[in-house]
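Residues per chain are reported as follows:
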2 protein chains.
Amino acid sequence: MIKGEDAPKRREHGLDRAMDLMEALRRAREPMRPNELATLLGAPRSSVHEMVGRMLALGLLDAADGDGRVFLGRKLYLFGIAYLESSRGLRLAEAALERITAETRELSQFCALDGNRYVVLRQRESARPFRISADTGQPIPIPQTASGRLLVSDLGDDEIRALIPPEDFRTPAGAPIDPDGFIAEVRAARQAGVFSFDSMADTFTHCFAVPVEDASGRVAATLCIVAPIDDANANRDAYVACLKAAAEPLHGRI
Amino acid sequence: MIKGEDAPKRREHGLDRAMDLMEALRRAREPMRPNELATLLGAPRSSVHEMVGRMLALGLLDAADGDGRVFLGRKLYLFGIAYLESSRGLRLAEAALERITAETRELSQFCALDGNRYVVLRQRESARPFRISADTGQPIPIPQTASGRLLVSDLGDDEIRALIPPEDFRTPAGAPIDPDGFIAEVRAARQAGVFSFDSMADTFTHCFAVPVEDASGRVAATLCIVAPIDDANANRDAYVACLKAAAEPLHGRI
DNA sequence: AGGTATTGTCCGCTATAACGGACATGTGTA
DNA sequence: TACACATGTCCGTTATAGCGGACAATACCT
């Protein structure tokens, strides 16, 4: 199973290359030139040019601006809509979020892992005057999130260390996060069925997260509340109870 | 440019095959087995099996249910979100829809072509008690829609006939639509800068559509209002004026 | 203007991915 | 039970897609 160290001229499969291109554009969050993509990925320029051309023809990429820059295409948006409308998990989650925000008046989120990063799949914004919001779908280092403690809790210590890139053990501000302490929090969170802490993204919010289990009992997603710190302190028990109650009908149905 | 008629054992490129699979699943709107997909597409079973396996590993497809059925994967949803958040056209359209529905209290839509079909890309629902809604992203035969008259209006007569499949010249109920009459409506709609008719999808709504032009002056999308027939009759001029005003800032920016 | 760097295009080579067909397994029916 | 059919897996063959490198065109400095 272990491959040789000296990569002896691997020739990449087209689909993998296409995937790399789309992921690179998603991370960049802005259009790029074929050559930029090639250098960023360390891929042959000619291959990237040909692949970009083919993806443009299919609508997987769209031409941006006047020059040669490209970005994710409209086809991907249409596929995304189809996924959204046909995913039982997301439909159930939507109902759960509605219920949570209706009851608590706080921002609620449905989150999962995307590879080795955390992402918000759906969120329900509160009707508060000062609205707390976040970017849906944006990959975030796992250790920076409350949900992250739960989403990796089915893995062993070594698996967790192998999954999370070392550079992700840092706060948004750049301060290091201790892997041992993180893993300790992971174990405690899974045990308690909840994790909460003051957000690392700002200084005025507190995040609660509870697990949503799949049919085999593994943590497949989380439900979260992001609340102003004062609210969080005042309503901690009610918020946690609300989250757990909302997660109940989702277990085994994700 | 013209290929030989007798397809002499064409071997399909992997990316095209993957695209065919995803499109088939999108049209089916439900999970399918690899074999179903193979027979539906007329593709080799072994190739489809291998491709499905690779796409599952990449997250482009997800396993559905317990058995071997697959559907569009979460990755596609995440790409769709990235497109949505980075598309200037959709952002502008969102603002236009908000304005239209705020002013008219009617359902407004932003539409475009997806290949040879019409799709709703974004919509803004009215706050009416009897809400009129439609499925976003679902491909619909061009002749069944008011927007369709505008979206093909940059093509010549022959190009229009070549683009639209013969079976699409039918109402949802199955009644035939005359291609010549359709093309006449196309020309009149482009001339007037608006098209409206009673919806073919039901018996109680009326649809208005105005074009949104790209930088080269071609119709790249449409803005629409779907209203109860009585409202449409009572407010025709105001609705058309509202649509044209909302479309104005979008021209050349799509 | 001259020179350097960057980007897009073209083309032959070859590793390999799509294919076809055989095999194995499971499922429903007579 | 036996048969027919559908589905997943494996493997050798061969068309071809990804690669590397050369070339051309353009932009950006000095």
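Check the entry above for the structure.
In what follows, the accompanying structure is described. (Residues numbered from 1 in each chain as written. Chains lettered and ligands numbered in written order. Predicted model: local features only at pLDDT ≥ 70, side-chain atom pairs only at ≥ 80, totals over all residues. Heavy atoms only, no water.)

Regarding the sheet that holds strand β5 (residues 140-141) of chain B
For step 1, the next point in the chain: Taken in spatial order, the six strands line up as β5-β4-β3-β8-β7-β6 (chain B) in an open sheet, and their pairing is antiparallel. Two strands close off the open sheet at either side, each with one partner strand: β5 and β6 (195-198) of chain B.
For step 2, the next point in the chain: Pairing of strand β3 (residues 107-114) of chain B with strand β4 (residues 117-124) of chain B, which is carried by seven bridges, proceeds in the antiparallel orientation. Looking at the pairing, Cys111 of chain B lines up with Val120 of chain B of β4 of chain B.
For step 3, the next point in the chain: Sheet strands in contact with helix α4 (residues 74-86) of chain A are β3 and β4 of chain B, and its direction is about 70° off that of β4 of chain B.
For step 4, the next point in the chain: The strands touched by helix α9 (residues 229-247) of chain B are β6, β7 (205-213) and β8 (219-228) of chain B; relative to β7 of chain B, the strand with the most contacts, the crossing angle is about 10°. (Pairing = 2+ DSSP bridges. Helix = DSSP H or I, 4+ residues; strand = E, 2+ residues; numbered from the N terminus. Contact = heavy atoms within 4.5 Å. Axes fitted to C-alpha atoms, helices over the stretch in contact; angles between N-to-C directions.)

Side note on the layout of surface pockets
For step 1, the next point in the chain: Size it by volume and the largest pocket reaches roughly 1,300 Å³.
For step 2, the next point in the chain: Sorting the residues of the lining of the largest pocket by element identifies α4, α5 (88-104) and β4 (117-124) of chain A together with α4 (74-86) and β4 of chain B as the ones contributing at least two each.
For step 3, the next point in the chain: Classifying every residue of the lining of the largest pocket gives eleven nonpolar, seven polar and 13 charged. (1 Å grid on protein atoms, 1.4 Å probe; cavity = no way out; pocket = protein on both sides within 12 Å on 5 of 7 lines; lining within 4 Å. Points joined across faces, edges and corners; volume = space filled by probe spheres on them. Nonpolar A, V, L, I, M, F, W, Y, C, P; charged D, E, K, R; others polar.)

Here's the deal with the sheet that holds strand β7 (residues 205-213) of chain A
As a general point, the strands of a sheet are linked pairwise by backbone hydrogen bonds and lie either parallel or antiparallel.
Residue and element names in this part refer to chain A.
For step 1, the next point in the chain: Strand order across the open sheet formed by six strands is β5-β4-β3-β8-β7-β6, with antiparallel pairing between neighbours. Strands at the two margins of the open sheet, each flanked by one partner only, are β5 (140-141) and β6 (195-198).
For step 2, the next point in the chain: Against the sheet, helix α9 (residues 229-247) makes contact with β6, β7 and β8 (219-228), and its axis sits at roughly 10° relative to β7, the strand it touches most.

Structural notes on the protein's contact with DNA strand D
For step 1, the next point in the chain: The full set close to DNA strand D counts 19 residues, and Gly14, Arg17 and Ser47 of chain A together with Asn35 and Arg45 of chain B are the nearest of them.
For step 2, the next point in the chain: Here DNA strand D approaches the protein such that, of its atoms within 4 Å, sugar and phosphate make up 56%.
For step 3, the next point in the chain: Between Glu12 of chain A and DNA strand D, the recorded distance is 3.2 Å, taken from a backbone N or O atom to a phosphate oxygen.
For step 4, the next point in the chain: In the model, a base nitrogen of DNA strand D is placed 2.9 Å from a nitrogen or oxygen of the Arg45 of chain B side chain.
For step 5, the next point in the chain: Those elements that provide at least two residues to the surface near DNA strand D are α1 (14-28) and α3 (45-58) of chain A together with α2 (34-41) and α3 (45-58) of chain B.
For step 6, the next point in the chain: Broken down by element, the residue count for the surface near DNA strand D peaks at five residues, all from α3 of chain A. (Near = heavy atom within 4 Å. Polar contact = N/O pair within 3.5 Å; in protein donor to acceptor, adjacent residues only side chain to side chain.)

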